[in-house]
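# Coordinate inspection notes
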Amino acid sequence: MYQKYKSAELVKPGGLDLKDRLVGVQRVTKVTKGGRAFGFSAIVVVGDEAGVVGQGLGKSKDVASAIAKAVEDAKKNLVRIPIRKGTLPHEQKGKYGGARVNIIPAAPGTGVIAGGAVRTVLEAVGVHDVLSKSQGSSNPHNVVKATFDALLQLRDANAIARDRGISLEKVFNA
């Protein structure tokens, strides 16, 4: 799922204290010749609040099993996100479908300034100080994926130095 991100580090769920957060539940309807068949789709974000996060989608005829399926799916898609002193290493934009998300590092004490699905993802990652703006579509599925797009593009100074083959000092004092 995250093959296009070269900095994405996949994580196994074993040994992690993961907390699941429900982003949204939608009732979906399928019209058949026998009438309407109702089902539910749930989108869930799981994270250890220390840089590991994943998102999943579950569908079922009842809400409880849809959420359970979403949690299992989220645990299969865990990635590590670089966090620096409770905030992000740099500003980043992400997009998915019609959703656009801009996440900006903030000074200590700012808190998580984000709405809806973006806030859920950032809290699950463990970011404490961040500013964000969600533009375009407010569909929770696409907003969560746009937030993940932004988070997966984040790189810390060590990763940049390693990619460029230079020392950490040269990254800052070119």
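Residues numbered from 1 in each chain as written. Predicted model: local features only at pLDDT ≥ 70, side-chain atom pairs only at ≥ 80, totals over all residues. Heavy atoms only, no water.

Right, let's get into the overall build of the chain. The number of helices and strands found in the chain is five helices and nine strands. Based on the C-alpha atoms only, the size of the chain along its principal axes is roughly 70 × 35 × 30 Å. Counting every atom, the chain has about 9,700 Å² of accessible surface; 51% of that belongs to carbon and sulfur. (Helix = DSSP H or I, 4+ residues; strand = E, 2+ residues; numbered from the N terminus. Areas by Shrake-Rupley, 256 points an atom, 1.4 Å probe, with all protein chains shown as cover.)

Quick look at the environment of Thr 29 now. Looking at the secondary structure, you find Thr 29 in strand E2 (residues 19–32). The contacts of Thr 29, once residues within four sequence positions are left out, are Arg 36, Ala 37 and Phe 38. (Contact = heavy atoms within 4.5 Å.)

Right, let's talk about the pattern of salt bridges for a bit. As enumerated under the stated definition, the model contains four salt bridges in all. Across the pair Asp 17 and Lys 19 runs a salt bridge, and its minimum N-O distance is 3.6 Å. When the shortest N-O distance is used, the salt bridge between Arg 21 and Glu 123 registers 3.2 Å. Taken as a pair, Arg 21 in strand E2 and Glu 123 in helix H2 (residues 116–125) lie far apart in primary sequence, 102 residues in all. For Glu 123, a relative accessible area of 28% translates into the label partly exposed. Look at the salt bridges and you will find they share partners, linking Arg 21, Glu 49, Arg 119 and Glu 123 into a network. (Salt bridge = Lys/Arg side-chain N within 4 Å of Asp/Glu carboxyl O. Buried < 20%, exposed > 50% of the residue type's maximum accessible area, 1.4 Å probe, protein only.)

With that out of the way, let us pick up the domain arrangement of the chain. Each domain of the chain was delimited in the assignment, giving domain 1 (9–79) and domain 2 (84–173). One C-alpha centre belongs to domain 1, the other to domain 2, and the line joining them spans 22 Å. Taken residue by residue, the interface counts 18 residues in domain 1 and 13 residues in domain 2. For the pairing of domain 1 and domain 2, the buried interface totals around 1,200 Å² over both sides, and the portion due to carbon and sulfur atoms is 75%. Looking only at domain 1, the three residues that lose the most surface to domain 2 are Arg 21, Val 23 and Gln 55, adding up to 35% of its buried area. Between the two partners, domain 1 and domain 2, sit one salt bridge. At the surface where domain 1 touches domain 2, the tally comes to five residue pairs in polar contact (both at pLDDT 80 or more). Residue assignment for the side of domain 1 that touches domain 2 shows that the elements contributing at least two residues are E2, strand E3 (35–47) and strand E4 (52–60). Split into classes, the residues belonging to the side of domain 1 that touches domain 2 amount to nine nonpolar, six polar and three charged. (Domains from an automatic or database assignment. Buried area = accessible area lost by both parts, 1.4 Å probe. Polar contact = N/O pair within 3.5 Å; in protein donor to acceptor, adjacent residues only side chain to side chain. Nonpolar A, V, L, I, M, F, W, Y, C, P; charged D, E, K, R; others polar.)

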